[in-house]
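A look at the structure
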Amino acid sequence: MSSLFKDSQLQQQQQQHLSALSPSTAASAVAEHLSTPPALSRLPLLRQRIQKERSSLQTSLSARAKEQVDSVRDGLQGLREARNGVEGVREALKEVEQNMSDPRQQIPGFGKLIEVSIVHRRFTQALEMVNSLRGMYDRLSHISDLLSLDRADPLGPQTNLLQIHYHLTELETFRNETLAQAKRGRASTEAKQTLEQYFSKLGSTIEEFESHFFRLAKELVAISRKGNASVAVKIAKIAEVEGSRDQKAIAIRMVKKSATVDVAARFRSLQAEARTIKHYRAKVMDAVRASCKEAIERSYAQHNDNGVAWLDNLDWIYEDLTVVEDQLVPKFPPDWKILTVYQKAYHKAMYEFLATWVKSGPDAGSLLRLAQYTKEYKTTMMKELEVPEDFLQPPLLDGKEQDLIEDYFKLIVRKMDEWSSNLMKTEVSDFKRREQPPEIDADGFYGMQGAVILFQMLNQQVDLALDSNQGSILARVVEEANRVMRDIQSQWIKVLEADFKMQVEKPDQVPAGLVEYVMALANDQIKSADFTEGLNLRLEPLVSNKYKTIIADKLNDAMDGFLDVAKKCVQVLIDVVFNDLKPATKALHSPSWYVDDPMTQIIETLKDYMVEDYQTHLNPNLFELLIEDIIDTFLINYLAAIRRSPKLRIPQAVDRMRDDINKAFDFFSLYKSRKELESYFDVLESVLTLISASKMMVFLDYWPFRKKYGPNLQFVEAIMKARDDLDRSAVNDIMDSVKRKVQSETVAEPEGPSIFSRVPAK
């Protein structure tokens, strides 16, 4: 300390000296000494004095600097000694800890003392265990008697509750420790099973007590009304005791889990792992919440699902909360906040029940009464019972109690979804299983029940919407009806595609009757389209112009959807036919075509389907559409056969093709006028002309073909190459002249894509 003080003084003197030697002060001193001429003679003396003072100052500064260096050196030496001392103490403490961890290595005979102590402790524990086991059944019998007395009067004072809990806790602790010791001592499996059987009665008694205990927690309000609110004190006390033991067990487990092996070993005598964490307080709270929920459900059931009567008799909720505030709050510890628990529990139970109830579809009267009740409920809870608004969140019906019409609409929508879903399950199941043939109406047409049932449902919901006298509701109902119909249509499209795919890929694994059921479905879709049009005509004069267009658009869209499904059915019917005709169509224009007669087979197969099935059982409008599409499909298949022909024998191919065209034309003339058929078959006539034309005439015959059907150069080149009367050079000459003509002259393209756009490549 003295050296530091001296250093401080030296620094002050140096600062004073430097300030004294500032430029202004030094100049003044020199001026003072040399102010007169005689003073110049004293300059040598003045120089000597200044040098002397300078030497004195330097000597003083050197001495002080040396003192500072010595002081720093002494301080560093002291720090080294202190560090060495700390290291020595650390090593000594480690040695002490090592000696304490296993004193048997330090104290002679200490290991024997430990072994004797362990033997004595185990002997004592074994003796206590034997005595406890001998007396356990007597204690259990006594406990069962006490429990029976309390259970006989569930709303009574429960005078034996604390005593039962005390004895069961002792026995449970004994059981847990015994089983834990058996497990830790690696007892045999047989010994463990014997112990578990021995303690089985104790387990069942504990279960009976807990069942009774939590039943009391559920009945606290009813018990209080009987004048036995003191039972709440016992429930809280038992829950607090169990909670304290839970916390102790959890704390010890955490120490054992997180601490080192040595620290954990010091807790080996504590049986934390033997206790089952019970969470009594949380379970009491759960029981309270469950009681509120059950009370509301029970009250609704007592009114035989009469929503209006039930809502008119819900004052008992307010009365229950009053009982809780007056009688139970003083019995529970403040941190339980029992009144808050009941307030939130009743509100949550009411919120959830109403949400479920509204979804279940109450009648309109109940919905109207519910809107009124939600306002009464909030007013009573907040103003009369002074329940904080935060406890009433979320509000009943989420604050949408005024949207009764919206709820009414949701009810309709839900029912429509349910009914349509059930309808489709039945219809699709019948369609896929095909165990019975479809129904036949008076006209001999196949049919299904789906259309009639669907529109009975839709008309019923539309009528209910009309009763609201609000065009917006009717428009939304029609919109939902459109969604339902569109969904049904989408499902049928998928079913048709899946079943036809199975019919083609795995015909042996699908039930028979696909054609019949597809015709029935097609007829059903036409019937549905007619029903939709009728509904539109019925609603049109009943709604304002604001919603008339919206409703008409939705119904027209649904009607188009039904027609699309019907067209899909027609396409499937055609695909079924031509799937059966694959061998015959592949034989066209093949080498066997010149020997066999595949066209006759094709015509006979078409006749079987058309006469025996399609014409007889299909709606006439659909049959007319089917005829047009089946002619197109026939022509496409025939053109594809020509295109993939490897070789056309001229003139045999021309004669054979003329015969095929005549047979097909004669067959289809049974269903179409010959004039109409000529426009269909003109494409075959044009192709036949190209095949039969001479080398010099091909160019001239091509030009009318090009005007009607477009260039189609690849198709033309394919049939030219297939002709055996033309060599490669001739084909090249023909195609070069054709291509030059196409490029040099501009000809209007045919309206829309020609039939050749649908002819597959080779």
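Note that residues are indexed from 1 along each chain, following the sequence as it is written. With the structure being a predicted model, the display of local features is reserved for residues of pLDDT at least 70 and the display and counting of side-chain atom pairs for 80 or more, all residues being used for whole-chain, interface and lining totals. For the side-chain quantities, the full set of heavy atoms in the structure was used; hydrogens and water were omitted.

Side note on the overall build of the protein chain
Along the backbone of the protein chain there are 28 helices and two strands. Burial status across the protein chain gives 40% buried among its 762 residues. For accessible areas, the Shrake-Rupley method is used with a probe of radius 1.4 Å. Any residue's cover is judged against the shown protein chains and nothing else. Approximately 43500 Å² of the protein chain is accessible, and the part contributed by carbon and sulfur atoms is 53%. What counts as a helix is a DSSP run of H or I of at least four residues, what counts as a strand is a run of E of at least two, and both are numbered from the N terminus. The buried label goes to any residue with under 20% of its type's maximum accessible area, the exposed label to any with over 50%, and the partly exposed label to all in between, with areas taken from a 1.4 Å probe on protein chains only.

A closer look at empty space enclosed by the protein
Grid spacing is 1 Å over the protein atoms alone, the probe is 1.4 Å, and a cavity is where that probe fits but cannot get out, while a pocket is an open set with protein on both sides within 12 Å along at least five of seven lines and lining residues have an atom within 4 Å of a point. Grid points are joined across faces, edges and corners, and a volume is the space filled by probe spheres set on the points. Applying the stated criterion to the full structure yields two cavities of 30 Å³ or more. Considering the residues around the largest cavity, the lining is formed by Leu423, Met424, Glu427, Gly450, Ala451, Leu454, Ile488, Trp492, Asp524, Gln525, Ser528 and Phe562. Three classes are used, and their members are as follows: Ala, Val, Leu, Ile, Met, Phe, Trp, Tyr, Cys and Pro are nonpolar, Asp, Glu, Lys and Arg are charged, and the others, Gly among them, are polar. In the lining of the largest cavity, the residues fall into seven nonpolar, three polar and two charged. A volume near 40 Å³ is recorded for the second largest cavity. Lining of the second largest cavity is provided by His165, Leu168, Thr169, Glu172, Ile206, Phe209, Glu242, Lys278 and Tyr280. Sorting the residues of the lining of the second largest cavity by element identifies α5 (161-184) and α7 (200-218) as the ones contributing at least two each. When residues of the lining of the second largest cavity are assigned to their parent elements, the largest contribution, four residues, is made by α5. A class-by-class count of the residues in the lining of the second largest cavity yields four nonpolar, two polar and three charged.

Observations concerning the side chain of Asn536
Considering the arrangement of structural elements, one finds Asn536 in helix α19 (residues 514-539). Setting aside residues up to four positions removed in sequence, Asn536 forms contacts with Ala552, Leu555 and Asn556. We call two residues in contact whenever any of their non-hydrogen atoms come within 4.5 Å of each other.

Observations concerning the packing of aromatic side chains
Pairing of aromatic side chains here covers Phe, Tyr and the six-membered ring of Trp, requires ring centres within 6.5 Å, and sorts the geometry by plane angle: under 30 degrees stacked, over 60 edge-to-face, intermediate tilted. Applying the stated rule across the entire model yields 32 aromatic pairs. A centroid spacing of 5.6 Å and a plane angle of 45 degrees characterise the contact between Phe705 and Tyr709, whose relative ring orientation is tilted. Of this pair, Phe705 and Tyr709 both sit in helix α26 (residues 698-709), four residues apart, which is roughly one turn of that helix. One exposure class covers both Phe705 and Tyr709, and it is buried. Cluster of aromatic residues (ring-pair linked, three or more members): Phe623, Phe634, Tyr638, Phe665, Phe667, Phe668, Tyr671 and Phe681.

Topic: a nonpolar patch on the surface
A surface patch of nonpolar side chains, amounting to about 300 Å² of accessible area, comprises Val72, Leu76 and Leu79. Counting through the fold element by element, Leu76 comes out in helix α3 (residues 43-101). Residue classification places Leu76 among the partly exposed residues on the basis of a relative accessible area of 44%. Patch members must show over 30% relative accessible area and no salt bridge, and they are joined within 9 Å when carrying like charges or within 5 Å when they are nonpolar side chains of Val, Leu, Ile, Met, Phe, Trp or Tyr. Whenever Lys or Arg places a side-chain nitrogen within 4 Å of a carboxyl oxygen from Asp or Glu, that contact is recorded as a salt bridge.

Structural notes on the packing of helix α20 (residues 545-580) against helix α23 (residues 620-643)
Simply put, an axis is a line fit to the C-alpha atoms, just over the touching stretch for a helix, and the angle between two N-to-C directions goes from 0 to 180 degrees. For the pair α20 and α23, the least separation of the axes is 10 Å and the interaxial angle reads 45 degrees. Classified by the angle between their axes, α20 and α23 sit oblique to one another. As α20 runs across α23, the sense of the crossing is right-handed. Facing α20, whose interface residues are Ala566, Lys567, Val570, Leu573, Ile574 and Phe578, α23 presents Leu622, Leu625, Leu626, Asp629, Ile630, Thr633, Phe634 and Asn637. The residue makeup of the contact of α20 with α23, split by class, is 10 nonpolar, two polar and two charged. Every angle not falling under 35 degrees, over 145, or within 65 to 115 is termed oblique; those three ranges are roughly parallel, roughly antiparallel and roughly perpendicular. Crossing handedness is defined as follows: a turn of the near helix away from the far one that is anticlockwise and smaller than a right angle gives a left-handed crossing, while the clockwise case is right-handed.

So, the environment of Asn732
Looking at the element boundaries, Asn732 is found in helix α28 (residues 728-744). Put simply, Asn732 and Lys721 are 11 residues apart on the chain and 9.1 Å apart in space, counted from C-alpha to C-alpha.

Digging into the pattern of salt bridges
Enumeration over the complete set of coordinates arrives at 33 salt bridges. Note that Lys378 is salt-bridged to Glu389, the shortest N-O span being 3.9 Å. Of the two residues, Lys378 sits in helix α15 (residues 364-384) while Glu389 sits in the loop between α15 and α16 (404-433), which places them 11 residues apart along the sequence. For Glu389, a relative accessible area of 39% corresponds to the partly exposed category.

Side note on the side chain of Thr205
Residue position: Thr205 is located in helix α7. Within polar-contact distance, the side chain of Thr205 engages the backbone oxygen of Lys201 at 2.8 Å. In this view, Thr205 contacts Leu140, Ile143, Ser144, Leu147 and Leu168; residues no more than four positions away in its chain are not counted. Here a polar contact is recorded for every N or O atom pair within 3.5 Å, except that within protein the pair must consist of a potential hydrogen donor and a potential acceptor, and residues adjacent in sequence are included only if both atoms are side-chain atoms.

Quick notes on the packing of helix α22 (residues 598-617) against helix α24 (residues 652-668)
At a closest axis distance of 10 Å, the pairing of α22 and α24 adopts a crossing angle of 10 degrees. Here α22 is positioned roughly parallel relative to α24, judged by the angle of their axes. Seen from α22, the contacting residues are Met599, Thr600, Ile603, Leu606, Lys607 and Met610; seen from α24, they are Asp660, Lys663, Ala664, Phe667 and Phe668. Of the residues contributing to the contact of α22 with α24, the split by class is seven nonpolar, one polar and three charged.

Considerations on unusual backbone geometry
Of note, the bond from Gln393 into Pro394 is cis; its omega dihedral lies within 30 degrees of zero at -5 degrees. Looking at the element boundaries, Pro394 is found in the loop between α15 and α16. That bond from Ile650 to Pro651 is cis: its omega, 10 degrees, falls within 30 degrees of zero. Tracing the backbone through its elements, the reader meets Pro651 in the loop between α23 and α24. Positive phi outside glycine occurs at Leu397, with the angle close to 60 degrees.

Concerning the environment of Ala249
When you line up the elements, Ala249 lands in helix α9 (residues 231-258). Given a relative accessible area of 4%, Ala249 falls into the buried group. With 26 residues separating them in the primary sequence, Ala249 and Arg275 have C-alpha atoms 7.0 Å apart.

Quick look at the confidence of the model for the protein chain
Considering every residue of the protein chain, the mean pLDDT works out to 83; 84% of them sit at 70 or more. This model gives residues 1-23 a pLDDT under 50, and the stretch forms 11 contacts once residues within four places in sequence are excluded. pLDDT gives the predictor's per-residue confidence on a scale running from 0 to 100.

Overview of α26
Expected helix span is computed as 1.5 Å times (number of residues minus one). Between its terminal C-alpha atoms α26 stretches 16 Å, which fits the 16 Å expected from 12 residues at 1.5 Å a residue. Those residues of α26 not exposed but buried are Val698, Tyr702, Trp703, Phe705, Arg706 and Tyr709. Those residues of α26 that are buried are in contact with α25 (674-692), α27 (713-722) and α28. Phi turns positive one or two residues past the end of α26, at Gly710, with a value near 90 degrees.

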